[in-house]
Structure formats: structure tokens, C-alpha cells
Amino acid sequence: MVLKIFFPQCCNRADSGLLVGRWIAGHDSAVVLAVIHYPFIPGQVKQYIQQMQAQSGVELSVLGSWSLPKEGQEGLESFLRDLSTIFPQERWLQISRQMGKTGFTCEVLSRDQTGGSARRSNEAEAKKESKDGGDGEEEAEEKVIFVHYEQRKVMLSQLHPIANENPENKSEPSTELREMFQTVAHSQPLFFLDKYDDGLLKSTHWQSEGREASIIVELMKQASVPLCIFISWLLSVWTWTCNIWIFSVFPLCFLSSILSTFIQLSYRTEHMRTLSSPKSAEGHTQFMRKANILVSVLVDVALGVFLMSWLYRDDHISMLADALVPAADHVAQQLEELLQWLMGAPAGLKMNRALDQVLGRFFLYHIHLWISYIHLMAPFIEGILWYGGLSACFGLTFALSLLSDMVALFTFHIYCFYVYGARLYCLKIYGLSSLWRLFRGKKWNVLRQRVDSCSYDLDQLFIGTLLLTILLFLLPTTALYYLVFTLLRLVIVLFQGILHLSVDFINSFPLFAAGLRVCRSYRLAEGVKFRVLCEEPGTALHLLMEINPLKFSSVVRTYRTPTYSCYPKDSWAALVKKLFIGELIYPWRHKTTKTD
Amino acid sequence: MGADGAPSQSVPWRKVLWERQPFPDNYVDQRFLEELRRNEGIREYRYWAVVKEASLVGQQLSCVAIFITFWLYMEQGLLAPETLLWTSLVCGLLGYGLYQAFTSQTDSCSETRTHLADLQSAALFLSFTFGFSPVLKTLTESVSTDTVYAMSAVMLLAHLVSFPYGEPSPPGSLSLNAALFASVCLASRLPGALHTFAMLSCALLVFALWPCLLQRLRENSPLQFTGVCVGVCTGGVGGLASQSLGGAVLLSLAVVSVTFLCPLLLVWLQRHKDNIHGPWDEAEICEDLSHFLH
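Residues numbered from 1 in each chain as written. Chains lettered and ligands numbered in written order. Predicted model: local features only at pLDDT ≥ 70, side-chain atom pairs only at ≥ 80, totals over all residues. Heavy atoms only, no water.

Asker: I'm lost on a negative patch on the surface in this one. Help?
Answerer: Residues D314(A), D315(A), D322(A) and E382(A) make up a contiguous surface patch of negative charge. Along the chain, D322(A) falls in helix α10 (residues 316–343). (Patch = residues over 30% accessible without salt bridge, like charges linked within 9 Å, V, L, I, M, F, W, Y side chains within 5 Å. Areas by Shrake-Rupley, 256 points an atom, 1.4 Å probe, with all protein chains shown as cover. Salt bridge = Lys/Arg side-chain N within 4 Å of Asp/Glu carboxyl O. Lys, Arg positive; Asp, Glu negative; His and termini not counted. Charge placed at Lys NZ, Arg CZ, Asp CG, Glu CD. Helix = DSSP H or I, 4+ residues; strand = E, 2+ residues; numbered from the N terminus.)

Asker: Got a minute to help me understand the UniProt feature "transmembrane region" (unreviewed entry) in chain B in this structure?
Answerer: Residues and elements named next belong to chain B. UniProt's entry tags residues 193–213, 225–242 and 248–269 with the feature "transmembrane region" (unreviewed entry), counted in the numbering of this structure. Between the first and last C-alpha atoms of residues 225–242 the distance is 26 Å; the span itself is 100% helix and 0% strand. Along residues 248–269, the helical share is 100% and the strand share 0%, with 30 Å between the first and last C-alpha atoms. (UniProt positions renumbered as here; feature names shortened; annotations may be inferred.)

Asker: Please explain the packing of aromatic side chains as it appears in this structure.
Answerer: The description of an aromatic ring pair uses the distance of the two centres, along with the angle that the planes make with each other. Scanning the entire structure with this criterion turns up 31 aromatic pairs over all chains. Taking the centre distance of 5.4 Å and the plane angle of 15 degrees together, the rings of W436(A) and F439(A) count as stacked. With a gap of three residues between them, W436(A) and F439(A) both fall in helix α13 (residues 412–439), about one helical turn apart. Since its relative accessible area comes to 45%, W436(A) is described here as partly exposed. Consider the rings of F23(B) and Y27(B), whose centres lie 4.6 Å apart with planes at 15 degrees: the pair is stacked. Put simply, the rings of F362(A), F363(A), F417(A), Y420(A), Y481(A) and F485(A) touch in pairs and so form one group of aromatic residues. (Phe/Tyr/Trp six-rings, centres within 6.5 Å; stacked < 30°, edge-to-face > 60°. Buried < 20%, exposed > 50% of the residue type's maximum accessible area, 1.4 Å probe, protein only.)

Asker: Teacher, can you tell me more about the nonpolar core here?
Answerer: As a rule of thumb, nonpolar side chains are buried together in soluble globular proteins. One finds L339(A), Y481(A) and F207(B) to be the most contacted residues of the largest nonpolar core, which totals 80 residues. In terms of residue count, helix α14 (residues 458–508) of chain A provides more of this core than any other element does, 16 residues in total. Sequence-distant contacts of L339(A), defined by excluding residues within four places in its chain, comprise G360(A), F363(A), L364(A), I367(A), Y481(A) and F485(A). Counting residues in hydrophobic clusters, the runner-up holds 40 residues, among them L18(A), V31(A), A34(A) and W92(A). (Core = buried A, V, L, I, M, F, W, Y, C linked by side-chain atoms within 4.5 Å. Contact = heavy atoms within 4.5 Å.)

Asker: I would appreciate a short explanation of the interface of chain A and chain B in the present structure.
Answerer: Interface size is commonly expressed as the accessible surface area that is lost when the partners come together. Contacts between chain A and chain B engage 24 residues on the former and 30 residues on the latter. Carbon and sulfur atoms supply 77% of the area buried between chain A and chain B, which totals about 2,400 Å² over both sides. Counting across the chain A and chain B interface gives one salt bridge. Put simply, chain A and chain B have six residue pairs in polar contact (both at pLDDT 80 or more) between them. For the side of chain A that touches chain B, the secondary structure elements donating two or more residues are α13 and α14 of chain A. Among the elements that take part in the side of chain A that touches chain B, α14(A) stands out by supplying 14 residues, more than any other. Within the side of chain A that touches chain B, the residues separate by chemical class into 16 nonpolar, four polar and four charged. (Buried area = accessible area lost by both parts, 1.4 Å probe. Polar contact = N/O pair within 3.5 Å; in protein donor to acceptor, adjacent residues only side chain to side chain. Nonpolar A, V, L, I, M, F, W, Y, C, P; charged D, E, K, R; others polar.)

In C-alpha cells form, the structure reads like this:
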């Protein structure tokens, strides 16, 4: 049996006293949390420990004694040994350290059922130890391993489950470690007692030098409460405004589910509601979520203000507005040229001339309509941009969403072309597939979901074949128009997709967790590693426990804020299939809007 | 041919593999093939009966040739579309009368179409074809002529291959559709919309309605059926001869070989037929199972 003693590094040089800590049930290990120095009154110690136990919920107990004899403090040995009768325990650890030596000596005294304590360690060994000068040597039946840990880091760190391939192998030590981490984290009340307290007990632990405090942090804590109340009041007003019946009438409701600015707005409202909730965060995950949201909102607003300062300096807005109308004109002109090309013999393809002319003229007329609309809008564009730019003060994400919406509105004609082309093409494909079945004398059985043979009438066959021939010969023309407009649409969808992805990235990236990982890497632990401190034959093994920081990928995976994720709705194969049969594609549609 | 001979008299040989017997592995008895039967239930073909049946194939070949002849005439402008339309109308009415006459002769009153339904179908054909003929005319404008010809040839071949020669009355979907596709392709090459319309009406008559009438004819008066077949074959060959002599020669060769040579070959090869039956055949259920139901 190996007895593991987790020993805080800060207690290495503590004065002699009692070890307070916890035996971890089920595992042969003990966690030392603090050292209580004498002089003390045993009754007070017992009372203090009970009080701490009630506050922290950790089964604290006196583990044993600690002695670091200084000059002029001799003869404590026997006193410390007698202490074990005052604090009756199953096992009594007696750890002692000589000044100037690295190793500790540990003796384990176990209590018999009769109640009297007896030394289980070998007398001969003890003699030898004293003869050798007691160099931290212990050859008991029970081997002892000292694991030194940094108490502050362990207390603050959050142990994450290891994403290992074979978790069964690691399960037992990880639970022991987990219990150890929890014990240290939960026994915070124990650490409130510091050196400058004029209580009856003095103890050593990580904070014994004096409690850490910052005036700024305290002030912010005080100020945050009224701020939260104010924000939640604003939010309730905003929600009330949103719920007025005029917003649930069809066109507005539809618009707000389509425009990404509105979606971002609702999403941000949700964020603020989470942030301003008066309850404090329960548990680590909730806290991290809140902190992540806060940091990302702050960063977002900072970026937005930065953008705004650039926009409103040197009249950039009017420059943009002046450039916008010529750009739209240019796009329309390019489209017209494309249509003229398609109406000829594009790429040497032989198209049906009549259908080609009809489609081309139809689309040309559409472009003409669009251009006149843009020119009608031209005087107002600068105003729209000016007021739209103000939205950047809410954050960069708002500006990006607005940009995405504006791109969608300015390329509405391309979207229309795409829809016309896709509908026409889809009609042809479906018609051709069913008429091809008729051509072979088959039909689609809806009930059994299969192709059955069927005997058609003469007139059905005749008209079906006539239509099949017409559709077949007109297919290449339609398919070409569909292809060209689908490519144009895909370019725009790609651009909007990049915008949406960046908005989503800003919204959901766990900035706070990433910052913690960079600056305080011990806060997010994935496991521990041990380094051998001193290993001499015949000495107890001394290990230093260091915290393994969580990997960046798992930081992002664990703490990513759950958002409406605008990932592609379909897999690539499904997308290609949809493109092939001419179904309309909205690959960047948000998940939240899919529910309506 | 037992190796030892002696045990063969005492133990009779059995045709089983699962039992150890005192014979070599390759031993067979006299009774080994006594259950073999040859050519069971074979039909003896008679030459002229086969020729009569095969004349339907030759007739269908000639029908395709007649259609192509019409198209050639139309394309060269030798045949006015009005003429073809009137001829088709007269032929159609005549055929319809004949069809009705044959239908009243036979007592199959189970599913007779009313005259109104026939009229409806005819109106549908004519209106659709007339409405679509301008579209059809521009359909293959940009497709090269060779492609159109190749497509038509393949489709007509498909029509001939998939034609239900045994029972042509409800026309097979694939054969009719292929023929109509080919005729639409060919008709779209003609100079005017009316030409297209006339050509499609003609195709409807030749490929869709004629086989129905022919089937009735075959059922009711076999003698006249033969006469009609001969008439159609001569018409096809003669019509093609007026346009291209080589085509006519080829067609006549094809008709003669299909109608006379192939039946001859069939009857001659009948002697070499050698089907073997025996207890190794899979089971055939030939008994009437209805008595199990009671």
C-alpha cells in the first residue's frame, strides 16, 4: 500500500503545529490543507474545525502533526506524539522536517480497536533513522509519497474531463484527483484566517500572508448591481416594445425573421438578459458563459466604435454613398452584357433561338426596372448609410449584419433571376423525369414508392411524347440560364456567408476563456503531471504536482457560446443534388428562423 | 461394366451418391438414362403459317417506309400539306368506319369506347398538334441536321424492335413513343407549321391507329389480312422506289428475307431442336390447385 499525502507548498516552512486536512475516502490518500500552529487549546481547534466543516461542507479533520524544529525548540517530539490521543483518528500522521534538509520524515501511527495508539512503524528503522541523522527516511510497511501542490492554483483551477481514447484506464486516478481538487476548492472558508487576524488560532496556508483585495474590483462589484438593474429595466421596455401587435403583423414579422440585423438584435437582447440577471452565476459553466458573453460584447462594441470613428472622420460616408450607385450601375451593365452574350450563341452552344430571345428580353426588362429603382433611391442612400453607420456603436456585429442585409437588398435582382431560372429549370426537370417514365410505359406509384408499369391511353401517350420532345429540346437553353444565374447567386451567398460567419465568430468565440488560458493557464486544467523533486533510496518519494493547462481546441469547444449557428444546412452532396434538380438553396439560413 | 463383376449380381446398383456401393466411382448401369425424354411438347411449324404470321413484320417495316416516303415528298415540296391532311382525314374516317364494322361483328361488348370519347380524343390530338406545331417547327432549328436524322433513325429502329407483334392492338408504350418522337424530330425539319401539323397527323394515323385496325382485321378475316399486308408491302416498296431506288431495293430485300427466308430458316432448323427433359428438371406445377381450396 502506498499512502499519498498531498502537501501544500506554502506549508513547507511553516512553524510546527497540527495538520488540518481531509482523508479521501476510498483512496489511500490525504490532503493537507493548512497547518495550525501552537500554542492552541485543543477544544478551540475542535470547535474551529467543526465550524469550518459546516461552512465548507468538506469533512475536515486533524490529520496529524507537523514539526519543523527551530533553534531552541527541542523536545517537541514526545509532545506531538501525545497529541494523537487528544485528537483521536484512525491514522495519525507525524510529519517532521529538519532545518536545511529537503526531505520530510513521516511516521504513520494507527489506532487499535482497543483505543490505545501504537506505533506501527518499525522500531529498528526509527533507531537507524536517528543514527543516520534522520535524513527524511522512512522504511515503514506503508510507503509514503509526498505530492506537493500549489494551493492557490489548485483552488482556482477547474479540472476538465480528459478527452482520452480509453477513459476506463484513467477513471480511478482521475476521480481521486477530482476529489482532491474539489476538496481544495471547497475549503475556501479555511483560508480566510490570516496571520494578521488576532484570533486565538494561527494557521498557515496560501493566503496566510494577508488576504488579497483590490479596491477597484470591490468598487466594480458594488457598481454592477444598479447597472444590472438599469439594463434589465431597459430590456423589459425593449421587449414590451417588440411585443406590440404591430410587429407581429405579416410583413414586419417576416422581415424581422429574414434580415440578419434583426436576428442579431434579438440575439444580443438575449445576451444582455443573461448578463443582467440579478442572480449570481451558479457553478463554473454558468460563470464562464457570463464572462465570455461580457467580454465578447465589450470587444464587439469597442471594434464597432473604432469602425464608427473611421466612418465619420473625413466624410467617408458620403464617399461610400457616391461610390455605391455607380457600382450598382456597373453591376447592371455587366449583367446586361452577360445577357446579350447569352442571347447570342454563348460558348458556341446551340440554343433554342426563340426561347433564348424570350428569356433574355424578360431578364433585360427586369434589369431595367431595377436600375430605375436604384436611381429613384439614389438621393436617399447617403442618409441611409449615415444612420445605418450609427448602428456600429452597438457593436461591429451590427455593422456587419447591416452590411449583409444591404448586400442582399442591392443584389435583389440577381436573386430574382436565380429564382426564375431555378423555378423554370425545376419544372423542366420534374416534367422530363415523369414524361420519361411515360415514354417507357411506366409510372410512379405513390402508395408503394416505386415505379410500376402502366398502360396508357393513346392520347396520353401522344401528348406526353409531344411534351417530352419539346422539353428535351428546350432543356439546354433553360439549363444554361439557370447555371449562369446560380453561379452569380452562389458568389453573393458566399460573401454573405463570410459576413455571417464572422458575426457568429465574434458572438460565440469564448474570449474570456481564451484569455484565461493565455494569462492564467492553471485556471483551466485538463490534468496534472508529476515531477520528481527528490528521490533518494530509502527516502519517501517527493513529487511536485503541476497542472496541465487545457488545450486551446478544447477551450474553444467547451466554452463556445451556443448561438444560432449559421452553418450550412445541408451537406455538400445534398447541396449539389439540390442545385442539380433546381431546388432553391438558402445555405446560410439561421437555425432559429427555421422553426417558424 | 463392373470391374469385378462378381458383386454386381448379388447387390443391385443404385443411382445414389450418398451410399457406399461395391462399384467403382465411374460405374453406370443400363438404366442410367432411361428417364430421359427429348423435345417434349414441341410445336411443329408449317412454313406457310409462319410466313403468314411473319408478314406482319414486313408490313410494319413497310409502314415505316411509307411514312419516310411521305416525309421525303413533303420536304422536297412535292406534296402539299393540304393534300396530305385531306388524305389523312379521308383515310382516318374510312378506317374508323371499318373499325366500327369489325367491332359490331365481334360480340365483345365488354369495353367499347363511345363515339363521344373517340371524338374527344381526336379533338385533343388535333388541337394539341395544331397548337404546338409552330413551337415544334422551331424546336430543332439550332440542332444540326445529321443529329436529327441520326436520332430519328435510332428511334424508328427502337419502334421496330419494341413493336408488340404478337398483340398490336393496345400499342406498346415504348414503340409508339419512339415512333412519335422520331416523327416530331423529322416534322420539325419541314418548312412550315402546317407541314409539321400534317406530318404529325400522318404519323398518328400510321403508327397509332393503323395497328389497331390491322389487329381487328387479323382477328376477323385472315384472308383479307394477308391481302392487306401484301398491299402495304408493295405500297412501301413502290413509294420508296419513286424517291430512291437503292432504298427500295434494300427494303424489298429486307421484307423478302423477313417474310420468306426467316420462316424457311426456322422450319429448317426445327429438325435440329434437341431439348432434353428428365427427373432433374425443376418441379412444374401443372395440376389444377382449385380442389385444395374446397
